[in-house]
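If you want the building blocks of each chain, they are given just below.
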Amino acid sequence: MKKRIIISLSLLLILVSILVYSYSDWEFTAPVKGCSINSYDQNGFGAPRAGHKHKGVDIFAKAGTPVLSATKGLVIYKGVLSLGGNVIVVLGPGFKSHYYAHLKTIETQTGSWLNNGDQIGTVGNTGNAKYTPSHLHYSIGTIFPKWHKDKMNGLSFYTDPVPLLNKYFEKVKIKG
């Protein structure tokens, strides 16, 4: 009985922490160190792939380039998947999931709290990217689907990260 209460209180504390954290202000950081607006395809999201549409953006960089957390959040998964290879999933503000795939190395742990800009791995070509140039596949998932009229042609649980990346680089250009 005592153990059940401790577990319940721990889960409640984690849930409250996630709720508070998810609705606090946040900043976006480009997820590949040293990348630029020229490192990714402006039309990559929703592009046709074998049997599906691309649900993210591929940011090309030299193998071993640091991959950074694009936002603050909680690492909810790290491991290996058939398509993504070495992957990390971060639950960020607004309960959006940030998916980092094809990593050469993973440098964080499940359960870790991250700030934007924390290094979480390095660029690679694992999973179904084995025969492609090294890159980070970056996706943003949502709890509720959005209607994409032009790119996904229907409901999707994914958000196009390209406008967010473009806005980040425009902001960096103005500051610099």
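We now turn to the structure provided with this report. As the structure is a computational prediction, the values presented were derived from the model and not from experiment.

1. So, the overall build of the protein
- Helix and strand counts for the protein stand at 2 helices and 11 strands.
- Listing each helix as α and each strand as β along the protein from the N terminus yields α-β-β-β-β-β-β-β-β-β-β-β-α.
- Split into buried and exposed, the 176 residues of the protein put 43% on the buried side.
- Partitioning the contacts of the protein with sequence separation of at least 6, the portion at a separation of at least 24 is 62%.
- When the accessible surface of the protein is summed, it comes to about 10100 Å², and 62% of that surface belongs to carbon and sulfur atoms.

2. Considering the pattern of salt bridges
- Under the criterion given, the structure shown has 1 salt bridge.
- D58 is the salt-bridge partner of R49, the closest N and O atoms lying 3.6 Å from each other.
- In this structure R49 comes out as partly exposed when scored by relative accessible area, which is 36%.

3. Thoughts on the pairing of strand 5 (residues 73-81)
- Relative to strand 8 (residues 113-114), strand 5 runs antiparallel, the two sharing 2 bridges. Paired with G73 across the bridge in strand 8 is L114.
- Of the pairings in the sheet, the one linking strand 5 to strand 6 (residues 85-92) comprises 7 bridges and is antiparallel in character. From the neighbouring strand, V75 faces strand 6, where its bridge partner is V90.
- Hairpin connection from strand 5 to strand 6: 3 residues lie between these consecutive antiparallel strands.

4. A few points about the side chain of T71
- Structurally, T71 is set in the loop between strand 4 (66-68) and strand 5.
- Other than its neighbours up to four places away in sequence, T71 contacts W26, E27, G92, P93, H98, Y100, N115 and N116.

5. Describing the pairing of strand 9 (residues 119-123)
- Among the 5 residues of strand 9, 4 are classified as buried, and the element is accordingly described as predominantly covered.
- When strand 4 meets strand 9, the two strands line up antiparallel, connected through 3 bridges. In the strand pairing of strand 9, L68 is matched with Q119.
- The pairing of strand 7 (residues 96-106) with strand 9 spans 3 bridges and is antiparallel.

6. Re the nonpolar core
- If you look at the biggest cluster of nonpolar residues, it comprises 23 residues, and the most contacted ones within it are I59, Y100, Y138 and L165.
- Listing elements by their share of this core, those giving two or more residues are strand 3 (57-60), strand 6, strand 7, strand 9, strand 10 (135-148) and helix 2 (162-175).

7. Remarks on the side chain of N86
- Tracing the chain through its elements places N86 in strand 6.
- One polar contact links the side chain of N86 to the main-chain carbonyl oxygen of K104, over a distance of 3.4 Å.
- Excluding residues within four positions of it along the chain, N86 makes contact with G79, V80, Y100, A101, H102, L103, K104, I106 and T126.

8. Re unusual backbone geometry
- Positive phi is not limited to glycine here, since F95 has a value of about 55°.
- With respect to the element layout, F95 can be found in the loop between strand 6 and strand 7.

9. What about the packing of aromatic side chains?
- In this structure the tally under the stated criterion is 5 aromatic pairs.
- Judged by centre distance (6.1 Å) and plane angle (75°), the ring pair of F28 and Y168 falls under edge-to-face. With F28 in the loop between helix 1 (2-22) and strand 1 (48-49) and Y168 in helix 2, the pair connects residues that are 140 residues apart, well separated along the chain.
- For F28, a relative accessible area of 11% puts it in the buried group.
- Aromatic pair Y168 and F169: ring centres 5.1 Å apart, planes at 75°, arrangement edge-to-face.
- Among the residues examined, F169 registers a relative accessible area of 12% and is labelled buried.
- Among the aromatic residues, ring-to-ring pairing joins F28, Y40, Y100, Y138, Y168 and F169 into one connected group.

What counts and what doesn't
Residues numbered from 1 in each chain as written. Predicted model: local features only at pLDDT ≥ 70, side-chain atom pairs only at ≥ 80, totals over all residues. Heavy atoms only, no water. Helix = DSSP H or I, 4+ residues; strand = E, 2+ residues; numbered from the N terminus. Buried < 20%, exposed > 50% of the residue type's maximum accessible area, 1.4 Å probe, protein only. Contact = heavy atoms within 4.5 Å. Areas by Shrake-Rupley, 256 points an atom, 1.4 Å probe, with all protein chains shown as cover. Salt bridge = Lys/Arg side-chain N within 4 Å of Asp/Glu carboxyl O. Pairing = 2+ DSSP bridges. Core = buried A, V, L, I, M, F, W, Y, C linked by side-chain atoms within 4.5 Å. Polar contact = N/O pair within 3.5 Å; in protein donor to acceptor, adjacent residues only side chain to side chain. Phe/Tyr/Trp six-rings, centres within 6.5 Å; stacked < 30°, edge-to-face > 60°.

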